[in-house]
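Geometric and topological summary
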Amino acid sequence: ETGVTQTPRHLVMGMTNKKSLKCEQHLGHNAMYWYKQSAKKPLELMFVYSLEERVENNSVPSRFSPECPNSSHLFLHLHTLQPEDSALYLCASSQDRGHGYTFGSGTRLTVV
Amino acid sequence: KQEVTQIPAALSVPEGENLVLNCSFTDSAIYNLQWFRQDPGKGLTSLLLIQSSQREQTSGRLNASLDKSSGRSTLYIAASQPGDSATYLCAVFRGGADGLTFGKGTHLIIQP
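Residues numbered from 1 in each chain as written. Chains lettered and ligands numbered in written order. Predicted model: local features only at pLDDT ≥ 70, side-chain atom pairs only at ≥ 80, totals over all residues. Heavy atoms only, no water.

For chain B, mean pLDDT is 94; residues scoring 70 or higher make up 99% of the total. Per-residue pLDDT, averaged within each element of chain B, yields its smallest value for strand S10 (residues 100–102) of chain B (92) and its largest for strand S8 (residues 72–77) of chain B (98). (pLDDT = per-residue confidence, 0-100. Helix = DSSP H or I, 4+ residues; strand = E, 2+ residues; numbered from the N terminus.)

Pasting the structure below:
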């Protein structure tokens, strides 16, 4: 257990489904992140929340919707996904933007 | 746009060898550089963090160097062991609203 907990570990969903990924940290960190890891591509930063405020990332499709209700929890709401969205979704937290990153174990998402 | 390249993409060596993993980045205006380890199906574990003002960091059998002006970092692993088998990821942080920018990683196999 790394201190950042992600659920579920695995998720299979149809293209018309709506699901949510959950991330939780009790490390007292101020920033939380969603990253996407696809085969043969670098980890891609999707969203950053710093002190519960979202930093916009205009390159992420609107079918991905983040939510940060408090400093310990982060969600990624998914709807009408495409097969190419299948990937490992990693949540991370850090004390500040550049230091002390802790990653969760990820959610392996398969879109069918 | 910052790009991070890791060479080699994969490496297989016998146990006991010393080895070097390479990382290069296109924009030298970084705040810090980090090396992570990722085991199959798992999240990332932070290994070493080098601030932009530092030249190297050491932790046990690992030594990471940074040449910021040339946009290069190396991770040196001494006396490699089968337990070192994993994917090693290099990431840079530019500061501000950015998260980390990652390379694709080096997949390392240490043969017993």
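Past the structure itself, the notes keep going.
Moving on, we come to the state of the cysteines. By the definition in use, this model includes two disulfides over all chains. The side chain of Cys23(A) participates in a disulfide bridge whose partner is Cys91(A); the two sulfur atoms lie 1.9 Å from each other. In this structure the cystine formed by Cys23(A) and Cys91(A) twists about its S-S bond by roughly -75°; its chirality is therefore left-handed. Of this pair, Cys23(A) sits in strand S3 (residues 18–25) while Cys91(A) sits in strand S9 (residues 87–94), and the two are 68 residues apart along the sequence. For the pair formed by Cys23(A) and Cys91(A), the shared burial category is buried. The residue that forms a disulfide with Cys23(B) is Cys90(B), at a sulfur-sulfur distance of 2.0 Å. Taking the torsion about the sulfur-sulfur bond, which here is approximately -60°, the covalent link between Cys23(B) and Cys90(B) counts as left-handed. Taken together, the positions of Cys23(B) in strand S3 (residues 19–25) and Cys90(B) in strand S9 (residues 86–93) put the pair 67 residues apart, joining distant regions of the chain. With relative accessibility at 3%, the residue Cys23(B) sits in the buried group. (Disulfide = S-S within 2.5 Å. Buried < 20%, exposed > 50% of the residue type's maximum accessible area, 1.4 Å probe, protein only.)

To continue, consider the pattern of salt bridges. Side chains that differ in sign of charge can pair as their charged atoms come close. Residue and element names in this part refer to chain A. Tallied over the entire structure, the rule returns six salt bridges over all chains. With a closest N to O distance of 3.6 Å, Glu 44 and Lys 41 form a salt bridge. Of the residues examined, Lys 41 reaches a relative accessible area of 42% and is grouped as partly exposed. For Arg 63, the salt bridge identified is with Asp 85, shortest N-O distance 2.7 Å. Of this pair, Arg 63 sits in the loop between strand S6 (53–55) and strand S7 (64–70) while Asp 85 sits in the loop between strand S8 (73–79) and S9, and the two are 22 residues apart along the sequence. In this structure Arg 63 comes out as buried when scored by relative accessible area, which is 19%. Residue classification places Asp 85 among the buried positions, given a relative accessible area of 2%. (Salt bridge = Lys/Arg side-chain N within 4 Å of Asp/Glu carboxyl O.)

With that settled, the discussion passes to the packing of aromatic side chains. Counted under the stated rule, the structure contains 10 aromatic pairs over all chains. With 5.6 Å between their ring centres and 85° between their planes, Tyr35(A) and Phe102(B) make a pair best called edge-to-face. Remark: Phe102(B) occurs in strand S10 and Tyr35(A) occurs in strand S4 (residues 31–37); the pair is interchain, linking two chains. Both rings, one in Phe36(B) and one in Phe102(B), keep their centres 5.7 Å apart while their planes meet at 45°; by these two values the pair is tilted. Here Phe36(B) is found in strand S4 (residues 32–38), whereas its partner Phe102(B) is found in strand S10, with 66 residues between them in sequence. Of the residues examined, Phe102(B) reaches a relative accessible area of 3% and is grouped as buried. Taken together, the aromatic side chains of Tyr33(A), Tyr35(A), Tyr101(A), Phe103(A), Phe36(B) and Phe102(B) make up a single cluster linked through ring pairs. (Phe/Tyr/Trp six-rings, centres within 6.5 Å; stacked < 30°, edge-to-face > 60°.)

A few words on the environment of Ile110(B). All names here are of chain B. Its place among the elements puts Ile 110 in strand S11 (residues 106–111). When its relative accessible area of 3% is taken as the criterion, Ile 110 is described as buried. Sequence spacing of Ile 110 and Gly 16 is 94 residues, and the spatial spacing of their C-alpha atoms is 8.6 Å. Ignoring any residue separated from it by four or fewer positions in sequence, one finds Ile 110 in contact with Val 13, Pro 14, Glu 15, Leu 19, Ser 80, Gln 81, Pro 82, Asp 84 and Ser 85. (Contact = heavy atoms within 4.5 Å.)

This paragraph deals with the sheet that holds strand S6 (residues 56–59) of chain B. All names here are of chain B. With respect to topology, five strands assemble into an open sheet ordered S1-S3-S8-S7-S6, the strand pairing being antiparallel. The open sheet has two free edges, formed respectively by strand S1 (4–7) and S6, since each of these has just one partner strand. Taking each pair of neighbouring strands and ignoring which way they run, the sheet shows an average axis angle of 15°. One ladder, built from six bridges, connects strand S7 (residues 62–67) with S8; its direction is antiparallel. From the neighbouring strand, Ser 65 faces S8, where its bridge partner is Thr 74. (Pairing = 2+ DSSP bridges. Axes fitted to C-alpha atoms, helices over the stretch in contact; angles between N-to-C directions.)

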